[in-house]
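# Observations on chain architecture
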Amino acid sequence: MRADRLVATLLLLQSRGRVTAADLATELEVSVATARRDLEALSAAGIPVYPQAGRGGGWSLVGGARTDLSGLSAPEAQALFLLVGPAAAVSGEAKAALRKLVRALPKGFRADAEAAASATMIDPARWGEQDKRRPETVDVLQAAVVRRRKIRITYAKHARDRSVRLVAPWGLVDKDDVWYLIAGTDNGQRTFRVDRIVETEPTDEPADRPDDFVLAEAWERVVGEVEDKRSRTTAVVLAPTRHVSVLRTHFGRHCRVEEDYADGRSRVHVAAPTPLDIARHLAGWGAQLEVVEPPSVKAELGRIGAELADRYAE
């Protein structure tokens, strides 16, 4: 049984008091047999759920039992609220949810949890940048993911290259303040940049998601494919050892030190999509760096140097 369906079943029991297997099947869009198995599985797992036969019967929680967060230890509660606290600044709904979570904790944990929730804030804007706001499109896509409904999107790869697609949204990823949608299409799994989605149209058509789909694993594969494309050209450079950290800032995971020399220099491998991309990063270093290979990067550096010398020569 899927964990999300188990939680949904338990919440329905809490909110309605009593439900039938048919009610649950309609609400969760599963068969009556599946709904009945889920209820039986809850009971077998120790949740105080019991059936009542006859007219007006159904399944109920014994004594109106409710779930809470009393199973958390003090360190676990603090870790949880350190994580969700900054997110509560996003909306009034998130703040209300946080208050309810605090009230669900044992009294002895509440003060520390409230302190943890307000201990951290996130400012996503870099120095000199304007405040960043989450695209409104993200809310529409998130609703479609949660409701498991297909959505029609107008996607613009380039200014004049637009296409309309009906996709099954499987999950959203926020990577360095750039949002991505992972979705199922007629051609299989695809990844879309949310800032290139110019129009959205939710539908009531069910969106199937593979039972073995795990968003984190799917995104890890996407990252691997992208990083492979970003490292198609590799260069070997000799750089002052004390400045290797700056190279790592420029090239990220595509900067690897092969060897440190006694003369204070290091042999470093850097990678980027093209020789020009590498040359652009290295040109500002002047004679502090020496490119050992490949010739293509040396040629790009020579061309950039000649252009600058021609432009600014007296």
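First, a word on what this report is: a plain description of the structure on this page. (Residues numbered from 1 in each chain as written. Predicted model: local features only at pLDDT ≥ 70, side-chain atom pairs only at ≥ 80, totals over all residues. Heavy atoms only, no water.)

## Here we look at the pattern of salt bridges
One pass over the structure, following the stated rule, counts 11 salt bridges. One salt bridge in this structure joins Lys-150 and Glu-205, with 3.2 Å as the shortest N-O distance. Remark: Glu-205 occurs in strand β8 (residues 197–206) and Lys-150 occurs in strand β4 (residues 149–158); sequence separation between them is 55 residues. In this structure, Arg-152 and Glu-201 form a salt bridge, with 3.5 Å as the shortest nitrogen-oxygen distance. On the criterion of sequence distance, the pair formed by Arg-152 in strand β4 and Glu-201 in strand β8 is long-range, its members being 49 residues apart. (Salt bridge = Lys/Arg side-chain N within 4 Å of Asp/Glu carboxyl O. Helix = DSSP H or I, 4+ residues; strand = E, 2+ residues; numbered from the N terminus.)

## Topic: the packing of helix α10 (residues 275–282) against helix α11 (residues 295–312)
Direction vectors running N to C along α10 and α11 enclose 55 degrees, while the axes themselves pass 8 Å from each other. When the axes of α10 and α11 are compared, the pair comes out oblique. Classified by chirality, the crossing of α11 by α10 is right-handed. Residues Pro-275, Leu-276, Ile-278, Ala-279, Arg-280 and Leu-282 of α10 form the contact with α11, whose own contacting residues are Ser-296, Val-297, Glu-300, Leu-301, Arg-303 and Ile-304. (Axes fitted to C-alpha atoms, helices over the stretch in contact; angles between N-to-C directions. Parallel < 35°, antiparallel > 145°, perpendicular 65-115°, else oblique. Left-handed = near helix turned anticlockwise from the far one by under 90°. Contact = heavy atoms within 4.5 Å.)

## Some thoughts on the sheet that holds strand β6 (residues 178–185)
Pairing within the open sheet is antiparallel, and its five strands lie in the order β7-β6-β5-β4-β8. Either end of the sheet is taken by a strand with one partner, and the two such strands are β7 (188–193) and β8. Strand-to-strand, the axes of this sheet are offset by a mean angle of 45 degrees, without reference to chain direction. Set on the sheet, helix α7 (residues 136–147) makes contact with β4, β5 (161–175), β6 and β8; between it and β8 the angle comes to about 20 degrees. (Pairing = 2+ DSSP bridges.)

## Side note on the sheet that holds strand β2 (residues 49–52)
Spatial ordering of the open sheet is given by β1-β3-β2, a layout of three strands whose pairing is antiparallel. One side of each edge strand has no neighbouring strand; the edge strands of this open sheet are β1 (18–19) and β2. As paired elements, β2 and strand β3 (residues 58–61) share four bridges and run antiparallel to each other. Each residue of the ladder has a partner; that of Tyr-50, found in β3, is Ser-60.

## Examining the layout of surface pockets
Volume-wise, the largest pocket comes out at about 1100 Å³. Going through the elements one at a time, β4, β5, β6, β7, α8 (215–229), α9 (244–251), β11 (265–272) and α10 are the ones with two or more residues in the lining of the largest pocket. By residue number, the principal contributor to the lining of the largest pocket is α8, which donates eight residues. Residues that form the lining of the largest pocket fall into these classes: 13 nonpolar, nine polar and 14 charged. (1 Å grid on protein atoms, 1.4 Å probe; cavity = no way out; pocket = protein on both sides within 12 Å on 5 of 7 lines; lining within 4 Å. Points joined across faces, edges and corners; volume = space filled by probe spheres on them. Nonpolar A, V, L, I, M, F, W, Y, C, P; charged D, E, K, R; others polar.)

## Quick notes on the side chain of Thr-154
Within the secondary structure layout, Thr-154 lies in strand β4. Owing to a relative accessible area of 13%, Thr-154 belongs among the buried residues under this scheme. Setting aside residues up to four positions removed in sequence, Thr-154 forms contacts with Arg-162, Ser-163, Val-164, Arg-196, Ile-197, Val-198 and Glu-199. (Buried < 20%, exposed > 50% of the residue type's maximum accessible area, 1.4 Å probe, protein only.)

## Thoughts on the environment of Val-49
By the element assignment, Val-49 lies in strand β2. Aside from chain neighbours lying at most four places away, what touches Val-49 is Leu-13, Leu-42, Ser-43, Trp-59, Ser-60 and Leu-61.

## Let's talk about a negative patch on the surface
On the surface, Asp-211, Asp-212, Glu-217 and Glu-220 cluster together into a negatively charged patch. Judged by relative accessible area, which is 59%, Glu-220 ranks as exposed. (Patch = residues over 30% accessible without salt bridge, like charges linked within 9 Å, V, L, I, M, F, W, Y side chains within 5 Å. Areas by Shrake-Rupley, 256 points an atom, 1.4 Å probe, with all protein chains shown as cover. Lys, Arg positive; Asp, Glu negative; His and termini not counted. Charge placed at Lys NZ, Arg CZ, Asp CG, Glu CD.)

## Re the environment of Leu-12
Relative to the elements of secondary structure, Leu-12 occurs in helix α1 (residues 3–16). Sequence-wise, Leu-12 and Ser-60 are 48 residues apart; in three dimensions their C-alpha atoms are separated by 9.9 Å. If near-sequence neighbours (up to four positions away) are discounted, Leu-12 is found in contact with Gly-17, Val-19, Leu-24, Glu-27 and Leu-28.

Read these as spatial facts, not as claims about activity.
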